[in-house]
Amino acid sequence: MEYVELARAESERGELVLRERRPHDGPTAVELRANGVFVMDTLEVSTERALASAALALVEHPAAVVVGGLGLGFTMHEVLSDHRVEHCAVVEIEEALVGWMRDGTIHHGPALLADARVRIVVADVAIALTEAHPASYDLILLDVDNGPGYLVHQGNAALYEKPLLSAARQVLRPGGALAVWSADESPDLAAALESVFGNVEVTPLDVELQGHDERYWLFAARMD
Ligand SMILES: C[S@@+](CC[C@H](N)C(=O)[O-])C[C@H]1O[C@@H](n2cnc3c(N)ncnc32)[C@H](O)[C@@H]1O
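What comes next concerns the included structure. (Residues numbered from 1 in each chain as written. Predicted model: local features only at pLDDT ≥ 70, side-chain atom pairs only at ≥ 80, totals over all residues. Heavy atoms only, no water.)

**Points about the overall build of the chain**
The test is simple: Think of it this way: any DSSP run of H or I at least four residues long counts as a helix, any run of E at least two long counts as a strand, and we number them from the N terminus. Radius of gyration: over C-alpha atoms. The globule rule applied is 2.2 Å multiplied by the number of residues raised to the 0.38 power. Burial status follows relative accessibility: with a 1.4 Å probe on protein chains alone, a residue under 20% of its type maximum counts as buried, one over 50% as exposed, and anything between as partly exposed. Throughout, a contact is declared for two residues whenever any of their heavy atoms are within 4.5 Å. The method behind every accessible area is Shrake-Rupley, applied with a 1.4 Å probe, and residues are considered shielded solely by the protein chains displayed. Only four residue types enter the tally: Lys and Arg on the positive side, Asp and Glu on the negative side, with His and both chain ends excluded. Where a charge lies is defined by one atom per residue type: Lys uses NZ, Arg uses CZ, Asp uses CG and Glu uses CD.
A count of helices and strands for the chain gives seven helices and eleven strands. Computed over its C-alpha atoms, the radius of gyration of the chain comes to 17 Å, within 12% of the 17 Å expected for a compact globule of 224 residues. If you line up the chain on its principal axes, its C-alpha atoms span 50 × 35 × 35 Å. Residues counted as buried form 52% of the 224 residues belonging to the chain. Across the chain, the fraction of contacts at a sequence separation of at least 24, relative to all contacts at a separation of at least 6, is 61%. On the chain, roughly 10400 Å² of surface is accessible, and the fraction owed to carbon and sulfur atoms is 50%. For the chain, the distance from the average position of its 16 positive side-chain charges to the average position of its 36 negative side-chain charges is 4 Å.

What follows is the structure, encoded as structure tokens:
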């Protein structure tokens, strides 16, 4: 296996690295790593897309969508492929990553960001949701960690707890929904969503990641 570093940045949360993985016997992929931990790659993105497609299917009029966590842009791409979406705010905490999307270090970045419906906000999504106007979005998609059980940043723990989920609920319009991607089947998150929204749907998603079978999870809760 050969790795080629494409970009590296430091922030108050630590190190962010973008690198190309070149196996001798398989396709090349771009990987995003935070503090030495694998966050995602460009090869297996079915669940990043499913986060968007499954949640979009729950909402009749998803005109305004918030995506928490830009990553390599696959959830956002899926949101934009839905013509009902008029505005897509993407909240990303790492400014450097947004820069790599804009300047083409991430090849598909400039084309994605050229969509006039996209607004990139460099911020902590927990703060952005707390400060957003009530009833201003139809769909909130959260994929900022490897899930509540595998936080990329410890500061994100509160995102999966009742006060922040209640703040997110306030931001949703009637008929809207909140969906969360997770690497683990978190009963605590299911319970918190159930208690805030009065309902929760938990869906397993099986994928193969670099030769290993993995099961990821989608959590979705709907407004009345
Ligand atoms: C797993 S990636 C998102 C992948 C994305 N769904 C995709 O399709 O490419 C997680 C992203 O969330 C960002 N992030 C982590 N904590 C955040 C926070 N509190 N607010 C906003 N973005 C955050 C990370 O920097 C990273 O870009």
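**A short note on the environment of E12**
Here E12 shows up in the loop between strand 1 (2–11) and strand 2 (14–22). For E12, a relative accessible area of 78% corresponds to the exposed category. Remark: the alpha-carbon pair of E12 and G155, spanning 143 residues in sequence, is separated by 12 Å.

**Focus: the layout of surface pockets**
So the rule is basically this: Two kinds of site are reported from a 1 Å grid over the protein atoms alone, namely cavities, where a 1.4 Å probe fits but cannot get out, and pockets, open sets with protein on both sides within 12 Å along at least five of seven lines, and residues are called lining when an atom falls within 4 Å of a point. Grid points are joined across faces, edges and corners, and a volume is the space filled by probe spheres set on the points. Throughout this entry, Asp, Glu, Lys and Arg are counted as charged residues, while Ala, Val, Leu, Ile, Met, Phe, Trp, Tyr, Cys and Pro are counted as nonpolar. The remaining residues, Gly among them, count as polar.
There is about 670 Å³ of room inside the largest pocket. Among the elements that line the lining of the largest pocket, the one with the most residues is strand 4 (residues 37–41), at four residues. Of the residues that constitute the lining of the largest pocket, the class distribution is 22 nonpolar, eight polar and nine charged. Lining the second largest pocket are V66, A89, V91, R119, V121, A128, L129, A132, H133, S136 and Y137. In terms of residue class, the lining of the second largest pocket is built from eight nonpolar, two polar and one charged.

**Section: the site of the ligand**
Put simply, the rule reads: Residues are counted as near a molecule or strand when any one of their heavy atoms sits within 4 Å of it. Counting of polar contacts relies on pairs of N or O atoms within 3.5 Å, with two restrictions inside protein: one atom must be capable of donating a hydrogen and the other of accepting it, and residues adjacent in sequence are counted only when both atoms are side-chain atoms. Placement in a cavity or pocket follows one criterion, namely that more than half of the molecule's atoms lie within 2 Å of its grid points.
Looking at the ligand, there are 22 residues lining it, with L72, T75, E92, D143 and N156 nearest. The contact in question runs from an oxygen atom of the ligand to an N or O atom on the backbone of L70, over 3.4 Å. The separation between a nitrogen atom of the ligand and a polar main-chain atom of V125 is 2.9 Å. Among the detected pockets, the ligand sits in the largest pocket. Mapped by element, the contributors of at least two residues to the shell around the ligand are strand 4, helix 2 (74–80) and strand 6 (87–92). Each residue belonging to the shell around the ligand can be placed in one class, and the counts come to eleven nonpolar, six polar and five charged.

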